[in-house]
Amino acid sequence: MTAEPRDLVDDTAPTDPHLWLEDVEGAAALGWVRERNDAAHRALGGERLAATEAALLEVLDSDDRIPAVSRIGDHLYNFWRDAAHPRGLWRRTTPESYRTQDPAWETVLDLDALAAAEQTSWVWHGAGVLRPTPAQLAAGEPWRRALVDLSPGGSDADVTRELDLVDLRFVPPEEGGFERPLAKGGLGWVDADTVYAYTDLGPGSLTTSGYPRVVKLWRRGTALDDAPVVFEAAEQDLSVSAGRSRTPGFERDVVRRGLAFYRSETYLVDDVGTPDQRLTKIDVPDSADVGFHREWILVELREDWDVGGRTYAAGSLLATTVDAFQAGSRDLTVLFAPTASTSLVGATWTRHHLVVNVLDDVKNAVHVLTPPEPADPGARWARSDLAVGGGLLTVGVRAVSAIDSDDVWVTTTGYLTPSTLALATVVGPLGEPREPEPLKAAPAFFESEGLVVDQHFATSDDGTRVPYFVVGREDLVRPADATTPGSAPTLLYGYGGFEISLLPGYSGTVGRAWLARGGVYVVANVRGGGEYGPGWHQAALREKRHRAYEDFAAVARDVVARGITTPAHLGAQGGSNGGLLAGNMLTRYPDLFGAVVVQVPLLDMRRYSRLLAGASWTAEYGDPDVAEDWEFLRTFSPYHQFDGDREHPPVLFTTSTKDDRVHPGHARKMAALMLAAGQDVTYYENVEGGHGGAADNAQAAHMAALAWTFLAERLG
C-alpha cells in the first residue's frame, strides 16, 4: 500500500538569530558559554552552594553505598567511583567476601590511571564478558575475555577494547586484540575469535540518526573492512545490533533492526558468516519486544495483536516454544494481561523460572512463573509469589544467571527507605518458600524522622486520573486546613516520555539538599511514561503530546489545592525529554511556578531532528520537516512558543558541551532568546559529562548543587 504524500515544510522561514550557538565547539559559542557560566557562579556561588556541593559529594563518594554487582564466573564484578577514584574502578571480589562488611576487592581496570596515562578523560560505558564453552568450564579454564567500552568525556560515542581478565591488560591489535575506534555502536562476542561489529564503517554506514546500520562478522586477525556483512538496515532506520546467546544447547544468533523508538524487527541467523547464511524474521508486530530463553520465546506487546483467531491486548506478555512458533503455531500462553491499574515492569529469567514484576497504581508486586516441561509445552504455567516489597516501595529483581542459577538479586528502595540488597532463591509453587538473604543495606544520608510519603491523584483536563507522590515534613504535606495556602518550598519533578516510569527511590542528594532543609518533593507520573503500560505512553505521542503537559499542570494545581504550597513557592524540574516538559511549563504555564530548572533539554522542536540523535525521536514527537507534523510540533516547541512580552518565572538551564545525544544548542539558544527579552535566566554548561551532564561525582555534585541553590533562593 502506498503512503499518502506528505507536504514538506518550506525552509525559507526567517533565519534563527541564535543559530550560531549550535556550533558546539565554535570559538564564539564557547565564549558565550564561558560568560554565562561565570555569571551563574557569580549569581549562585557562595556559602550555600559550597555547603550543598560538599554535602552531595559526601553522599556520592560514600564508601557505605551498596556496590551493585554482576556475577561473572566465580567472581562478582562492580564498577565503583569515590573520592580517591573519581573516574572509577572496575573491580571484583568473591561471593563469600562480598557477604562480609569489608569485601576484599581486586582492581581489574583503574580508569583514573588509564586517563592519566593516555591523557584522555575516560568515562566507563560497560563491558561484555565471553562465557567459556562447557568443555572449557569443565576443564577449569577462566573467564578471560572482556570487551570494554570507554567514552572520552562521557559522550555516547565510545571505543571498545579487548581486556584480558587474567593478565589484567588490554590486548593490543598487533597481538590480535579487538579494538573499535570512537563511534556510536559496539562489539558483541560470538566466540573466542569472533565478534559482531556494528559501528561507523565509513560513508554510508550510519543511519540518519547517527547510529550504525551495518552488522559485520569480524574474525580475529582480519581487517574490519574485509569482514563479511551479516545484515544491512536502511539509512532511515534507527540502528542495528547483533549478539549470540551462549546458553549450552540453545545457542542462537540474533540480529535486532531498530526501525524507530519502540519499533523493531528481530531475526534469527543460521550458519552465520557462511555462504549458507539465512536470516529468519520473527513474525510479530514490529512494536513488540521479543526475547528468548532456552526453548521459550516471549513476546511483549505494545499494541493489540490479532493472530490465531484471538486478540491479545497491548501490554500483555505471551509465551510459546521457539520450535512451535517457527513452525507456524500461534497458540500463545498469556503470562500477563494488563488491567486498568496494572502494567508490566519487566521480567527476568532464572534457570527454571520467569520472575515477573508488575505495577498496580505505581506499586510493585513480584510473581514467579514456572513453565511446563518441554515434553508438555501446552500445559499451564504454574504461578507463585515472591514475598518482597510492599507499600510505597520499589522492588527490582535481577537474575544472577539465567543459564545456571535460580538466584535473583532483590533491591528494595523508597523515598524515605534507604536501599537494601538481598539474594533470593526462586522456587516454584510446590517448593519450600525461602526468605531472601539480606546482603547489604545503604545508610541513611539524611534525617527522615517527621517526614512522610503520600500518593495522590490529580485530574487532568480530559478527566484522566494522574498519580503523583509527595514527600516532606508531615505538617507541610498534610496541612490541617487545606483551605489556607501553604508556603512550603516545593519541587515538582517529571519526565513523561519514551515509556519510562518514575518510581519511588531513595536519594541521599534530594534528602540532604531539599527534604532535610524543609523542602517538599513531588514526583508526577504523567502520560508519556510507562506507569500504566504502553497505552499510558501512547496517550501522549506526537499530536497528543499536550496531554503530558496538561497532566503535569494538573498535578501542580492539585498540590496547591491541598494547601501544601503556592505557585510562588512551587518549582518545576525535568531533564532531557523532561527538559522539554519543563520548557513547556515555562512557556505554557508560567503562572503556575515560581522557578523552573531545565536540564539537558530539547527545546527547539523545529530543528531537533537535524541535531545529533534527534532524527531517532520522530516516532515520539513527529517530524518537523513534514508540514502537518510541524503544525502540532510548534505548539509544544518552547523555543517557538516563548513570548518575550509575557512574564516568566526565573529559569536555570544546564547542559553539557559533550552531550552528543541532545544537542547543547537547545539550551543555549533558549537562554539567549530569553536573555534578549530581559527575562531572569541563569545558564550553566559543563564542559564534559555527555547526556548525563557530569563525567564524575565531583561534577555531578556541582551541577546538582547549582540547581538546588537556585531553587532554594528563588522559592524561598
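Everything discussed here concerns the structure shown above.
If you're wondering where the values come from, they're calculated on a predicted model, not measured in any experiment. Counting of residues starts from 1 at the beginning of each chain's written sequence and follows it residue by residue. This being a predicted model, a pLDDT of at least 70 is required before a residue's local features are given, and a value of 80 or more before pairs of side-chain atoms are given or counted; all residues contribute to the totals for chains, interfaces and linings. Water and hydrogen atoms play no part in the side-chain values, which are based on all heavy atoms of the structure.

Peer 1: How do you make sense of the overall build of the chain when you look at a structure like this?
Peer 2: The way it works is that DSSP assigns letters per residue, a run of H or I at least four long becomes a helix, a run of E at least two long becomes a strand, and they are numbered from the N terminus. For the chain, the helix and strand inventory stands at 16 helices and 39 strands. Computed over the C-alpha atoms, the radius of gyration of the chain is 26 Å, within 12% of the 27 Å expected from 2.2 N^0.38 for a compact globule of 716 residues. Considered along the principal axes of its C-alpha atoms, the chain spans approximately 70 × 60 × 60 Å. When the 716 residues of the chain are sorted by exposure, 56% land in the buried category. The long-range fraction of contacts in the chain, counting pairs at least 24 apart against all pairs at least 6 apart in sequence, stands at 59%. The Shrake-Rupley method, run with a 1.4 Å probe sphere, supplies the accessible areas, and residue values consider only the shown protein chains as cover. Counting every atom, the chain has about 29200 Å² of accessible surface; 49% of that belongs to carbon and sulfur. Here the radius of gyration uses the C-alpha set of atoms, whereas the globule reference equals 2.2 Å times the residue count to the power 0.38. The rule is simple: take the accessible area with a 1.4 Å probe, protein chains only, and divide by the maximum for that residue type; under 20% is buried, over 50% is exposed, in between is partly exposed. Whether two residues are in contact is decided by their heavy atoms: any pair within 4.5 Å suffices.

Peer 1: Just to check I follow, could you spell out the environment of Pro-650 for this structure?
Peer 2: In this structure, Pro-650 sits in the loop between helix H14 (638–641) and strand S38 (651–656). Beyond its immediate sequence surroundings of up to four residues, Pro-650 is in contact with Gly-594, Ala-595, Val-596, Asp-680, Phe-710 and Arg-714.

Peer 1: What should I look at first to understand the sheet that holds strand S25 (residues 354–360) in this one?
Peer 2: What links the strands of a sheet is backbone hydrogen bonding, and the strands pair in either a parallel or an antiparallel sense. Read across the sheet, 4 strands follow the order S24-S25-S26-S27 without closing on themselves; strand pairing throughout is antiparallel. Since the sheet does not close on itself, it has two edges, and those belong to strand S24 (342–349) and strand S27 (382–385), each with one partner. Taking each pair of neighbouring strands and ignoring which way they run, the sheet shows an average axis angle of 25°. Only strands joined by at least two bridges in the DSSP assignment are considered to pair. The pairing of S25 with strand S26 (residues 364–370) spans 6 bridges and is antiparallel. By the bridge assignment, Leu-359 is partnered in S26 with Asn-364. Fitted lines through C-alpha atoms give the axes, limited to the stretch in contact for helices. The angle between two N-to-C directions lies from 0 to 180 degrees.

Peer 1: Would you mind showing me how to read helix H10 (residues 546–561) here?
Peer 2: Quick reminder: α-helices carry 3.6 residues per turn. Residues three or four places apart thus point the same way. The length a helix should cover is 1.5 Å for every residue beyond the first. Counted at 1.5 Å a residue, the expected span for H10 with its 16 residues is 22 Å, and the 22 Å between its end C-alpha atoms agrees. All of the buried residues along H10 are Ala-548, Tyr-549, Glu-550, Asp-551, Phe-552, Ala-553, Ala-554, Val-555, Ala-556, Asp-558 and Val-559. In this fold, the buried residues of H10 make contact with strand S32 (451–459), strand S33 (465–473), strand S34 (490–493), strand S35 (520–524), strand S36 (570–575) and helix H11 (577–588). Remark: Gly-563 follows H10 within two positions and exhibits a positive phi of approximately 80°.

Peer 1: Looking at this model, I keep getting lost on the pattern of salt bridges. Mind explaining?
Peer 2: Opposite charge on two side chains makes pairing possible when the charged atoms of those side chains draw close. Any carboxyl oxygen of Asp or Glu within 4 Å of a side-chain nitrogen of Lys or Arg constitutes a salt bridge here. Tallying each qualifying case throughout the model produces 46 salt bridges. A salt bridge links Arg-527 to Asp-551, with the shortest nitrogen-to-oxygen separation between them at 2.8 Å. Taken together, the positions of Arg-527 in the loop between S35 and helix H9 (534–538) and Asp-551 in helix H10 put the pair 24 residues apart, joining distant regions of the chain. Taken as a pair, Arg-527 and Asp-551 share a single burial class, namely buried. Residue Arg-542 pairs with Asp-629 through a salt bridge whose shortest N-O separation is 3.1 Å.

Peer 1: How should I be thinking about H11 in this particular structure?
Peer 2: The end-to-end C-alpha separation of H11 is 16 Å, in line with the 16 Å expected for 12 residues at 1.5 Å each. Counting buried residues along H11, 11 of its 12 residues qualify, which places the element largely inside the surrounding structure. Those residues of H11 that sit buried are Asn-577, Gly-578, Gly-579, Leu-580, Leu-581, Ala-582, Gly-583, Asn-584, Met-585, Leu-586 and Thr-587.

Peer 1: Just to check I follow, could you spell out the packing of aromatic side chains for this structure?
Peer 2: Where two aromatic rings form a pair, the distance of their centres and the angle of their planes describe that pair. Each Phe, Tyr or Trp ring (for Trp, its six-membered ring) is paired with any other whose centre lies within 6.5 Å, and the angle between the two planes then decides the class: stacked below 30 degrees, edge-to-face above 60, tilted in between. One pass over the structure, following the stated rule, counts 21 aromatic pairs. Pairing Phe-261 with Phe-498 gives two aromatic rings, centres 5.0 Å apart and planes at 65°, and the pair type is edge-to-face. Taken together, the positions of Phe-261 in the loop between strand S15 (252–260) and strand S16 (263–270) and Phe-498 in the loop between S34 and helix H8 (508–513) put the pair 237 residues apart, joining distant regions of the chain. Classification of Phe-261 by relative accessible area gives partly exposed; the value is 31%. Exposure remark for Phe-498: the relative accessible area of 7% places this residue in the buried category. Put simply, the rings of Phe-261, Tyr-262, Phe-498, Tyr-608 and Tyr-621 touch in pairs and so form one group of aromatic residues. Consider the ring centre and the ring normal. A charge sits over the ring if Lys NZ or Arg CZ is within 6 Å of that centre and within 35 degrees of that normal. Over the aromatic face of Phe-325 sits the side chain of Arg-330, whose NZ or CZ is 3.6 Å from the ring centroid. We note Lys-440 situated over the ring of Tyr-98; from NZ or CZ to the ring centre the distance is 4.8 Å.

Peer 1: When you look at the nonpolar core in this model, what are you seeing that I'm missing?
Peer 2: As a rule of thumb, nonpolar side chains are buried together in soluble globular proteins. Here the nonpolar core consists of buried residues drawn from Ala, Val, Leu, Ile, Met, Phe, Trp, Tyr and Cys, with membership extended through side-chain atoms lying within 4.5 Å. Grouped together as the largest cluster of nonpolar side chains are 101 residues, with contacts concentrated most on Phe-593, Tyr-621 and Phe-653. Broken down by element, the residue count for this core peaks at 9 residues, all from helix H16 (residues 697–715). Among the nonpolar cores identified, the runner-up in size contains 16 residues, and Leu-301, Trp-305, Val-307 and Val-322 belong to it.

Peer 1: In this structure, what is going on with the side chain of Glu-295? I would like to understand it.
Peer 2: Relative to the helices and strands, Glu-295 resides in the loop between strand S18 (289–293) and strand S19 (296–300). Counted as positive: Lys and Arg. Counted as negative: Asp and Glu. His and the chain ends are not counted at all. The buried charged residue Glu-295 lacks any salt bridge partner; its closest oppositely charged side chain belongs to Arg-294, at an N-O distance of 4.2 Å. A distance of 3.4 Å separates the side chain of Glu-295 from the side chain of Trp-296, its partner in a polar contact. Ignoring sequence-local partners within four residues, the contact set of Glu-295 consists of Phe-250, Arg-252, Thr-320, Thr-321, Val-322 and Pro-374. Side-chain atoms alone can form a polar contact between residues adjacent in sequence; in general such a contact is a pair of N or O atoms within 3.5 Å, and within protein one must be able to donate a hydrogen while the other accepts it.

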